[in-house]
Amino acid sequence: TAPDSPGPSRAFPAGFAWGTATAAYQVEGAVAEDGRTPSIWDTFSHTPGRVVDGDTGDVADDHYHRFREDIAIMKGLGLTSYRFSVAWPRITPQVTAEASGPVNAAGLAFYSTLVDELLAAGIEPAVTLYHWDLPQALEDAGGWANRATAERFGEYAEVVAAALGDRVRTFITLNEPWCSAYLGYASGVHAPGRTEPAAALAAVHHLNLAHGLGAAAVRRAAPTARVALTLNLAWVRTEGRRSSDLDAVRRVDGLQNRVFLDPVLRGHYPADVLADTASVTDWSFVLPGDLDLVHQPLDALGVNYYSPTVVRGWDGRGPRAEADGHGASEHSPWIAATAHVEFPELPGPRTDMGWSIDARGLRELLLRLHTEHPGLELVVTENGAAYPDVVVDGRVHDEQRIDYLRDHLAAVLDAVDAGAPVTGYYLWSFLDNFEWGYGFSKRFGIVHVDYATQQRTPKDSAAFYAGVVAANALPPRPAAGQAR
Ligand code: IFM
């Protein structure tokens, strides 16, 4: 069909899960209620200079108190699933490196009620166990660089799965361990804000270990539940043809993709990553038997995708281009790769995060996973875009987000048509929320939040998404000049 002709709508597979996603610290607020203790994000956001405008998650979207209203909005949109995360410091608030301490019944009760209300609204909960709010006491004992954190995570996972596993079908152990390890411990733009490359690689392993211990714990406590892991994988490519360009692709693929995929899905670390990083660490924190613990059966892999990653080999001459979109820091998240890799600015459209838009990456990632790990069920657990939305006469006309969503949903369909077993899509995000180091300055929601009044206003993209969900199909692209 010609670019402007409507074309047919394209159906998604029957039973496809349609959701939105959020994370506890980004939406809940109520940071000192019902026994919750501080997480690394409370400490980080309250440290001057760490978060844009000094924003914190103290109140955020007040979802902790307004979840019923929020569920009603989701129900009105016809969503079939909601991916949220549990705040570890609400569940075992007295945890130390040595012991998990008592379980906080009030913390568990909040999530139990949330689950009940979702089910009553016909919305299936998908629970992420760790979306970055590490109890501060564990960070004080070394954080993810300390093996004990992984052990305590396994215990915490068992508590949550035992309490919710009778009603929750899917538990996702970790969200984007790449960010936890490298942004938290190498570039320091995320909590806990450390810039220690060796600690970051220890964190990589302990996060993988936490996934394995958490997966086993969920299976023990909730034998019928499904276990997943969510990774932010990179579609890494280069426009160059030199061997240094291809080597740059290999290095970034190793640090972002294979250092998580290989141990979890194959039971070993990639030899080239171990060799590349040998000057930073000898990986002696990987103990005998660990890889068997990490390599647990997985019911689904969650894929988060926003933007392509374009690299170029760097020869050390001139200023190094660093347009990798992961926040400004003198310290790179790309451990042992900075002398070899640069990230050139890409021409073309960008979101308000400055992230380039290229939906091909989502298709390519899904197809790569399908090829390399045949039979592994795939779920898009995050995808979406930030734009500087404003409410005018009670409406938010976010056409750019609709275009972004349309293109990325088409990419999912392309992957499905090519055989990739993709069973769901979770839009990031349901509400505008606390966007980590950017605070409230970036809006990812399909529902606008006025932070002064907590007023929710569904954006035009919410209506678009509701239409997709209702039809279980992507409607034809409107002809130029036609209303959406
Ligand atoms: O807001 C985050 C989310 O917490 C994790 N994935 C990326 C989103 C947008 O940056």
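Whatever comes next refers back to the structure up there.
Here, residues in each chain are numbered from 1, in the same order as that chain's written sequence. The model is predicted, so local features are restricted to residues of pLDDT at least 70 and side-chain atom pairs to those at 80 or more, both for listing and for counting; the totals for chains, interfaces and linings are taken over all residues. Calculated side-chain values reflect all of the structure's heavy atoms, with hydrogen atoms and water omitted.

For the rest of this paragraph, the subject is the site of the ligand. The near set for a molecule or strand comprises every residue that places at least one heavy atom within 4 Å of it. Neighbouring the ligand are Gln 26, His 131, Trp 132, Asn 175, Glu 176, Tyr 306, Trp 355, Glu 382, Trp 428, Glu 435, Trp 436 and Phe 444. One of the side-chain nitrogen or oxygen atoms of Glu 435 is found 2.6 Å away from an oxygen atom of the ligand. Identification of polar contacts relies on pairs of N or O atoms within 3.5 Å, with a donor-acceptor requirement for protein atoms, meaning one able to donate a hydrogen and the other able to accept it, and with residues adjacent in sequence counted only if both atoms are side-chain atoms. In this structure, an oxygen atom belonging to the ligand sits 2.8 Å away from a side-chain N or O atom of Trp 436. A total of 280 Å² of accessible area belongs to the ligand in isolation, and the protein chains cover 94% of it. Throughout, the protein atoms alone are placed on a 1 Å grid, and a set of points is a cavity if a 1.4 Å probe fits but cannot get out or a pocket if it is open with protein on both sides within 12 Å along at least five of seven lines; lining residues have an atom within 4 Å of a point. Whether a molecule lies in a cavity or pocket depends on its atoms, and more than half of them have to be within 2 Å of the grid points. Its atoms largely coinciding with the cavity grid, the ligand occupies the largest pocket. Looking at the shell around the ligand residue by residue, the classes come out as six nonpolar, three polar and three charged. Per-residue and other accessible areas were derived by the Shrake-Rupley procedure at a 1.4 Å probe size, with only the shown protein chains allowed to occlude residues. Gly falls in the polar group here, along with every residue not listed as nonpolar (Ala, Val, Leu, Ile, Met, Phe, Trp, Tyr, Cys, Pro) or charged (Asp, Glu, Lys, Arg).

Grid points are joined across faces, edges and corners, and a volume is the space filled by probe spheres set on the points. Within the structure shown, the criterion is met by three cavities of 30 Å³ or more. In this structure, the largest cavity is lined by Ile 40, Trp 41, Tyr 130, Trp 132, Trp 144, Ser 180, Tyr 185, His 190, Ala 191 and Pro 192. Of all the elements in the fold, those that place two or more residues in the lining of the largest cavity are α2 (40-45) and α8 (177-185). The residue makeup of the lining of the largest cavity, split by class, is eight nonpolar, two polar and no charged. In this structure, the second largest cavity encloses a volume near 40 Å³. In terms of lining, the second largest cavity is formed by Thr 22, Ala 23, Ala 24, Val 27, Glu 28, His 63, Tyr 82, Phe 84, Ser 85, Phe 110, Tyr 111 and Leu 114. When contributions to the lining of the second largest cavity are tallied by element, the ones reaching two or more residues are α1 (24-27), β3 (81-85) and α5 (105-120). Looking at the lining of the second largest cavity residue by residue, the class counts come to eight nonpolar, three polar and one charged. Here a strand is any run of E in DSSP of at least two residues, a helix any run of H or I of at least four, and the numbering for each starts at the N terminus.

Approximately 960 Å³ is the volume found for the largest pocket. In this structure, the largest pocket is lined by 47 residues; those nearest its centre are Asp 324, Gly 325, His 326, Met 353 and Trp 355. Those elements that provide at least two residues to the lining of the largest pocket are α8 and β9 (309-313).

Turning next to the pairing of strand β4 (residues 124-130). Think of it in three bands: with a 1.4 Å probe and only protein chains considered, a residue is buried below 20% of the maximum accessible area for its type, exposed above 50%, and partly exposed in between. Judged by how many residues are buried, β4 sits mostly within the fold: six of seven residues are covered. Between any two strands, at least two bridges found by DSSP are needed for them to pair. Bridge analysis of β3 against β4 gives five bridges, and the strand direction is parallel. Counted as the bridge partner of Ser 85 is Thr 128 from β4. Looking at chain direction, β4 and strand β5 (residues 170-175) are connected through four bridges and run parallel. Paired with Tyr 130 across the strands is Leu 174, a residue of β5.

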